[in-house]
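Structural overview for review
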Amino acid sequence: LYNVEHRPCFADVNGERVQITDVNAIVMRMNGFEKFFESRSATDSRPIVQPVETLEMLETAFSKFGAKFSSVGALYGGETFFVSAELPEGFSVAGDEHLSYLNATDNFTGMQRFRVFNSFFRVVCQNTARAAYNCSTNKSATNHTGDMKTRVSDIIAEFECLVAAQPAAIALLQQAAT
């Protein structure tokens, strides 16, 4: 996995390198490789929740449902981190078998919110991330403000309540199909 960090932001003004105050550049680092998000900046230096920290928090929450990670990756050139976890039991509606997934996406540039949502297919690319989120019946999100570790923990706790209601929703689908 990669790490994301804030660094001081500079600009060339009349041939002189000048630090831009109250703005930080956002940089992704992985195995000696660095990528600067040129058009993205953060207005403070609060700690970023790193992908590995997000995975640890999600693993703890998702394991309560018996879910196991099925895909993890980055979208939009590294700006967005995603994870999908498959629930252990699928369900059947009108003879069709379905799987359930728990998903999360986090955008380090502040262009999107930290989002946790369920779906009936796993996230593997930009298209499936967008489709899974738009089709989700249970979703929560939070803006990148304040103490993100606490906010992420709070949204995961909220999501646990939403997912606990999923068996009732499946029963309604099955009843409607008969």
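Residues numbered from 1 in each chain as written. Predicted model: local features only at pLDDT ≥ 70, side-chain atom pairs only at ≥ 80, totals over all residues. Heavy atoms only, no water.

**Concerning the overall build of the protein chain**
Along its length, the protein chain carries 4 helices and 10 strands. The helix and strand sequence of the protein chain, counted from the amino end, reads β-β-β-α-β-β-β-β-β-β-α-β-α-α. Among the 178 residues that make up the protein chain, the fraction classed as buried is 39%. (Helix = DSSP H or I, 4+ residues; strand = E, 2+ residues; numbered from the N terminus. Buried < 20%, exposed > 50% of the residue type's maximum accessible area, 1.4 Å probe, protein only.)

**As for helix 2 (residues 126-135)**
Among all positions in helix 2, only Thr-128, Ala-129, Ala-132 and Tyr-133 are buried. The buried residues of helix 2 occupy an angular sector of 125 degrees when projected down its axis, which confines them to one face. For helix 2, the exposed residues lying more than 90 degrees away from the buried face are Asn-127, Asn-134 and Cys-135. Of the surrounding secondary structure, the elements contacted by the buried residues of helix 2 are strand 4 (68-75), strand 8 (101-107), strand 9 (114-119) and strand 10 (139-142). (Arc of directions from axis to C-beta. Contact = heavy atoms within 4.5 Å.)

**Some remarks on the nonpolar core**
Formed by 21 residues in total, the largest nonpolar core has its most connected members in Leu-58, Phe-62, Ala-67 and Ile-156. Elements with a minimum of two residues in this core: helix 1 (51-63), strand 5 (80-86), strand 8, strand 9 and helix 3 (148-164). Of the residues forming this core, the biggest block, 5 residues, is contributed by helix 1. Not counting chain neighbours up to four residues away, the residues in contact with Leu-58 comprise Ser-63, Phe-69, Val-83, Ala-104 and Ile-156. Listed in part, the 7 residues of the second largest apolar core include Phe-82, Phe-117, Ala-132 and Tyr-133. (Core = buried A, V, L, I, M, F, W, Y, C linked by side-chain atoms within 4.5 Å.)

**Focus on unusual backbone geometry**
Located in the positive-phi region is Asn-14, a residue other than glycine, with phi close to 50 degrees. Residue position: Asn-14 is located in the loop between strand 1 (3-13) and strand 2 (16-30).

**Here's the deal with the environment of Lys-64**
Along the polypeptide, Lys-64 turns up in the loop between helix 1 and strand 4. For the pair Lys-64 and Glu-160, spaced 96 residues apart in sequence, the C-alpha separation works out to 8.6 Å.

**Overview of helix 1**
Every α-helix carries 3.6 residues per turn, so stepping three or four residues along brings you back to the same face. Across its 13 residues, helix 1 extends 18 Å between first and last C-alpha, which sits within 8% of the 18 Å expected from 1.5 Å per residue. Considered for burial, the residues of helix 1 that qualify are Pro-51, Thr-54, Leu-55, Met-57, Leu-58, Ala-61 and Phe-62. (Expected span 1.5 Å × (residues − 1).)

**Considerations on the packing of aromatic side chains**
Evaluated as defined, the whole model comprises 1 aromatic pair. With centroids separated by 5.2 Å and ring planes inclined at 85 degrees, the aromatic side chains of Phe-117 and Tyr-133 adopt a geometry described as edge-to-face. One end of the pair, Phe-117, is in strand 9; the other, Tyr-133, is in helix 2, with 16 residues separating them in the sequence. The exposure class assigned to Phe-117 is buried, which follows from its relative accessible area of 0%. Residue class for Tyr-133 comes out buried when judged on its relative accessible area of 17%. The ring centre of Tyr-133 lies 4.0 Å from the NZ or CZ of Arg-115, which sits over that ring. The ring of Tyr-133 has Lys-139 lying over it, and the distance from NZ or CZ to the ring centre is 4.3 Å. (Phe/Tyr/Trp six-rings, centres within 6.5 Å; stacked < 30°, edge-to-face > 60°. Lys NZ or Arg CZ within 6 Å of the ring centre and 35° of its normal.)

**Quick word on the sheet that holds strand 9**
Here 5 strands make up an open sheet; going across it, the order is 4-5-8-9-10 and the pairing antiparallel. Pairing within the sheet leaves two strands with one partner each, and these edge strands are strand 4 and strand 10. In this sheet, adjacent strand axes meet at a mean angle of 15 degrees when their direction is disregarded. Relative to the sheet, helix 2 contacts strand 4, strand 8, strand 9 and strand 10, its axis offset from that of strand 9 by approximately 75 degrees. (Pairing = 2+ DSSP bridges. Axes fitted to C-alpha atoms, helices over the stretch in contact; angles between N-to-C directions.)

**Quick look at the confidence of the model for the protein chain**
In the predicted model, the protein chain carries a mean pLDDT of 76, and the fraction of residues at 70 or more is 76%. Looking over the protein chain, one finds the lowest element-wise mean pLDDT in strand 3 (residues 33-42), namely 59, and the highest in helix 2, namely 90. (pLDDT = per-residue confidence, 0-100.)

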